[in-house]
Amino acid sequence: MLKKILILSILVLTACGGNETNNENPQNQVPKALQDDGITLKIGRYRSNDGLSEELYQELVTQNAELKKLETELENFNTADTLNIYSHYNGKSEDYYSSATMHANSIKDSILKNKMIALLEKSNEKYNQKTTEVNELIKTINKNQRDIRDYHNALKIILTIPIIEKYQIENLPKKSPFEKLIDNQKILLDKIKKNTPNIQ
C-alpha cells in the first residue's frame, strides 16, 4: 500500500507542477500557508490547530482534481451506519445479561441462585460463539480504518515535504544581517565595559 501512496504522490506532484502559472512574481510561487503577507511573525504558533503541514496539504487539494476526489471520498466514507447495526443488536444482549444477572444475584435460595447464574453464563457463552465471526469482521473494519488514517497522514507528509524543503532552500536568510548584529553587539558591549568602573 505504501507503494501506491508513493506512486500517487509522484502523480500528484507532477500534476501540481503542470498546473503552475508562469507568473514572474516570486510571492505567487510561495504557498499561501508560507507567505508572511508583510506581517512580522512572532515567536510561537499562530496558525490553526491542524498546523502548517495540514494547511500546505489543503492547498495541494485545491490545486489537484485527483486529491480533491480522494478527500471527498474519505469525507463521505462512513463505517458508523454498518457498525451501529451490530452495536444496537449487541447492546440488547449485553443489557439482558446484565439485568438478568442482577436478578439472579437477588435470589435468596443459594441453590436456585447458582442454577440461574450457571444458566445465564451458558446462554451468554452460546451468544458469544454465535457472534464470533461478526466480531472478527468488526476487528478487520477497525484495523482497516486505522490503516486508512495512517496512510492518509503518510500521504500528507510525503506530498508536503518537498514544498517545505523548497521553501527552506529559497528563503534561507542571508548571514550578513546576523553578522552585522553581532558586530554591533560587540561595539555596545565594549562601550558598557569602558563605562563600568573597576571593582577594587
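Please refer to the structure placed before this passage.
None of these values were measured; they are calculated from a predicted model.

Definitions and limits used
Residues numbered from 1 in each chain as written. Predicted model: local features only at pLDDT ≥ 70, side-chain atom pairs only at ≥ 80, totals over all residues. Heavy atoms only, no water. Axes fitted to C-alpha atoms, helices over the stretch in contact; angles between N-to-C directions. Helix = DSSP H or I, 4+ residues; strand = E, 2+ residues; numbered from the N terminus. Parallel < 35°, antiparallel > 145°, perpendicular 65-115°, else oblique. Contact = heavy atoms within 4.5 Å. Nonpolar A, V, L, I, M, F, W, Y, C, P; charged D, E, K, R; others polar. Core = buried A, V, L, I, M, F, W, Y, C linked by side-chain atoms within 4.5 Å. Buried < 20%, exposed > 50% of the residue type's maximum accessible area, 1.4 Å probe, protein only. Polar contact = N/O pair within 3.5 Å; in protein donor to acceptor, adjacent residues only side chain to side chain. Expected span 1.5 Å × (residues − 1).

1. Structural notes on the packing of helix 3 (residues 52-63) against helix 7 (residues 132-170)
At a minimum axis distance of 9 Å, the contact between helix 3 and helix 7 shows a crossing angle of 90°. Between helix 3 and helix 7, the angle is such that the two are roughly perpendicular. Judged by residue contacts, Leu52, Ser53, Glu54, Leu56, Tyr57 and Leu60 of helix 3 engage His152, Leu155, Lys156, Leu159, Thr160, Ile163 and Ile164 from helix 7. Residue composition of the contact of helix 3 with helix 7, by class: eight nonpolar, three polar and two charged.

2. Description of the nonpolar core
Formed by Val30, Ala33, Leu34, Leu52, Leu56, Tyr57, Leu60, Val61, Leu67, Leu155, Leu159 and Ile163, the largest nonpolar core amounts to twelve residues. Elements supplying a minimum of two residues to this core: helix 3 and helix 7. Counting residues per element, this core draws most heavily on helix 3, at five residues. Counting seven residues, the second largest nonpolar core, distinct from the first, contains Tyr86, Tyr97, Ala100 and Ile138.

3. Remarks on the environment of Asp109
As for its position among the elements, Asp109 is in the loop between helix 5 (80-105) and helix 6 (110-130). Given the relative accessible area of 44%, Asp109 is considered partly exposed. A distance of 3.2 Å separates a polar atom in the side chain of Asp109 from the backbone nitrogen of Leu112.

4. Here's the deal with helix 5
Note that an α-helix has 3.6 residues per turn; residues three or four places apart therefore point the same way. For helix 5, built from 26 residues, the straight-helix expectation of 38 Å at 1.5 Å per residue is met to within 8% by its first-to-last C-alpha distance of 36 Å. The inward-facing, buried residues of helix 5 abut helix 6 and helix 7.

Interpretation note: all reported values are geometric properties and have no functional meaning in isolation.
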